[in-house]
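# Topology and contacts: notes
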Amino acid sequence: MTTPTNLLGLDRRGLEHWFAARGEKPFRARQIMPWIYQRNVAAFDQMTDLAKALRTRLEIEATVATPELITEELSADGTRKWVLRLESGNAVETVFIPEADRGTLCISSQVGCAMDCQFCATATQGFSRNLTSAEIIAQVWFAQQALGAVPREGRVISNVVFMGMGEPLANFDNVVTAIRLLLDDLAYGLSKRRVTVSTSGLVPFMDRLRSEVDTALAVSLHAPTDELRDVIVPINRKYPLDELMAACRRYTAERERQMHIVYEYVMLDGVNDGEAEARALARLLAGMPAKVNLIPFNPFPGTRYTRSRPEVTQRFAGILRDKRIITTVRKTRGDDIAAACGQLVGEVKNRQKRRLSDIPVVRQ
Ligand code: SAH
């Protein structure tokens, strides 16, 4: 007997092919997707508009395999972090960040990461493996179900960002399949501006992404010169800044005028936060459809970096704004539960974990 297919790993076309290969009508895909993604139903016998014979067949040949929860934590600011167990025994982290006007789900694309960015906790564990498309989408499925228990405004998922563990473009095909499901009206139906892929700058895959799906792009820049970026974002040695910026220009070139790339820039005390770097960054981005997002460095055990002082960050932002570059400073969310940018490690560490049920839900 063949192992059942996890349907969470198939986008609409994949699902149509799957049914067709079994002599079933391809439109079954359209029947089944809303059950799985919109009603969060994983059991085929609950899909009441499917013929009994088909349900029985699905029970044998397919699954909707959802991840097992290891821990769930709730930050004082309302951010939630789930550590989810994968079949291989690995674990990944998924973070939900509620805001007044939206709810952002931050998902992982790999177990660990091979990019070796010097200021990122995920890098310290090295690379284990790519997530399957099913494991990527399962994070959204899980979160939607978990949040459904407390249906309140701001708790629904309106945005999804590939800013969890891993370099999404290094797991290109599976990430693209997941994006298709995020955008598909029969699945999550998110608008294309509300799905963001964040990359450390894998130039060839930025071009492929542009040709295959339409999403927002964030680029982890972090340094305005090759000399500095070579050190803190080592993939720069392979794809230096001139190639990266050319890929960014291509990404926005044929798109609608509103399309900006967000450039992420982690503020590391005494490393990349000086006035000279701010001016160099402004020169690098001059004339580009760019927004800069300054991220206060989030520390983790063993790091040699510290966070820039707030007034240094403000001065840096001021220099960029003087050059008419739209600049925001990212609010640190969830750092009390190690759910902030660059703090995700995906394994249960020996630190004190509070269970969600132990702490009161924080009202906004
Ligand atoms: N691999 C993807 C997604 C990473 S996480 C990428 O590189 O873009 C999202 C952002 O958090 C990236 O810009 C990443 O560089 C940044 N980041 C990593 N470690 C951080 C830390 N310790 N403090 C603040 N931001 C960090």
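Cut-offs applied
- Residues numbered from 1 in each chain as written.
- Predicted model: local features only at pLDDT ≥ 70, side-chain atom pairs only at ≥ 80, totals over all residues.
- Heavy atoms only, no water.
- Salt bridge = Lys/Arg side-chain N within 4 Å of Asp/Glu carboxyl O.
- Helix = DSSP H or I, 4+ residues; strand = E, 2+ residues; numbered from the N terminus.
- Buried < 20%, exposed > 50% of the residue type's maximum accessible area, 1.4 Å probe, protein only.
- Near = heavy atom within 4 Å.
- Polar contact = N/O pair within 3.5 Å; in protein donor to acceptor, adjacent residues only side chain to side chain.
- Areas by Shrake-Rupley, 256 points an atom, 1.4 Å probe, with all protein chains shown as cover.
- Nonpolar A, V, L, I, M, F, W, Y, C, P; charged D, E, K, R; others polar.
- Domains from an automatic or database assignment.
- Contact = heavy atoms within 4.5 Å.
- Buried area = accessible area lost by both parts, 1.4 Å probe.
- Core = buried A, V, L, I, M, F, W, Y, C linked by side-chain atoms within 4.5 Å.
- pLDDT = per-residue confidence, 0-100.

Using the criterion set out here, one finds 21 salt bridges in the structure. Across the pair Asp214 and Lys192 runs a salt bridge whose closest N-O atoms are separated by 3.2 Å. Linking Asp214 in the loop between helix H7 (203–212) and strand E11 (216–220) with Lys192 in the loop between helix H6 (172–183) and strand E10 (195–199), this pair joins segments that are 22 residues apart in sequence. Across the pair Arg315 and Glu275 runs a salt bridge, and its minimum N-O distance is 3.4 Å. You can see Arg315 sitting in helix H11 (residues 310–322) and its partner Glu275 sitting in helix H10 (residues 275–285), a full 40 residues away along the chain. Residue classification places Arg315 among the partly exposed residues on the basis of a relative accessible area of 40%. When its relative accessible area of 35% is taken as the criterion, Glu275 is described as partly exposed.

Right, let's talk about the site of the ligand for a bit. Surveying the vicinity of the ligand reveals 20 residues, the closest of which are Phe119, Ser198, Ser220, His222 and Asn298. Between Phe119 and the ligand, the recorded distance is 2.8 Å, taken from a backbone N or O atom to a nitrogen atom. Protein burial of the ligand: of its 530 Å² of free accessible surface, 96% is covered by the chains. Those elements that provide at least two residues to the shell around the ligand are E10, strand E12 (261–267) and strand E13 (290–296). Considered class by class, the residues forming the shell around the ligand number 10 nonpolar, eight polar and two charged.

Moving on, we come to the domain arrangement of the chain. If you check the domain split of the chain, you get domain 1 (5–63) and domain 2 (68–357). Each of domain 1 and domain 2 was reduced to a C-alpha centroid, and the two centroids are 32 Å apart. Between domain 1 and domain 2, the contact holds 15 residues from the first and 15 residues from the second. Summing both partners gives a buried area of about 1,300 Å² for domain 1 against domain 2, and 57% of it is carried by carbon and sulfur. For the interface between domain 1 and domain 2, the tally reads two salt bridges. Between Arg180 and Asp11 there is a salt bridge, with the nearest N and O atoms lying 3.8 Å from each other.

To continue, consider the nonpolar core. Counting residues in each nonpolar core, the largest one holds 115 residues, and the members touching the most others are Ile32, Phe119, Phe162, Leu209 and Tyr263. Per-element tally for this core: the top contributor is helix H5 (residues 133–148), with nine residues. Each of domain 1 (5–63) and domain 2 (68–357) contributes no fewer than three residues to this core. Every residue in contact with Phe119, bar those within four places of it in the chain, is listed here: His222, Ile232, Val233, Val266, Leu268, Phe297, Phe300 and Tyr305.

Our focus in this paragraph is the environment of Leu320. As for its placement among the helices and strands, Leu320 is situated in helix H11. Judged by relative accessible area, Leu320 falls into the buried class, the value being 0%. For the pair Leu320 and Pro98, spaced 222 residues apart in sequence, the C-alpha separation works out to 28 Å. Contact partners of Leu320, with chain neighbours within four places excluded, come to Ala278, Leu281, Ala282, Val292, Leu294, Ile325 and Thr327.

Let us look at the confidence of the model for the chain. Per-residue pLDDT for the chain averages 90, and the proportion of residues at 70 or more is 91%. Long-range and interchain partners of residues 149–154, a stretch whose pLDDT sits below 50, account for 10 contacts in this model, where long-range means more than four residues apart. Segment residues 348–364: pLDDT under 50, and 35 contacts once partners within four positions in sequence are set aside and those in other chains are kept.

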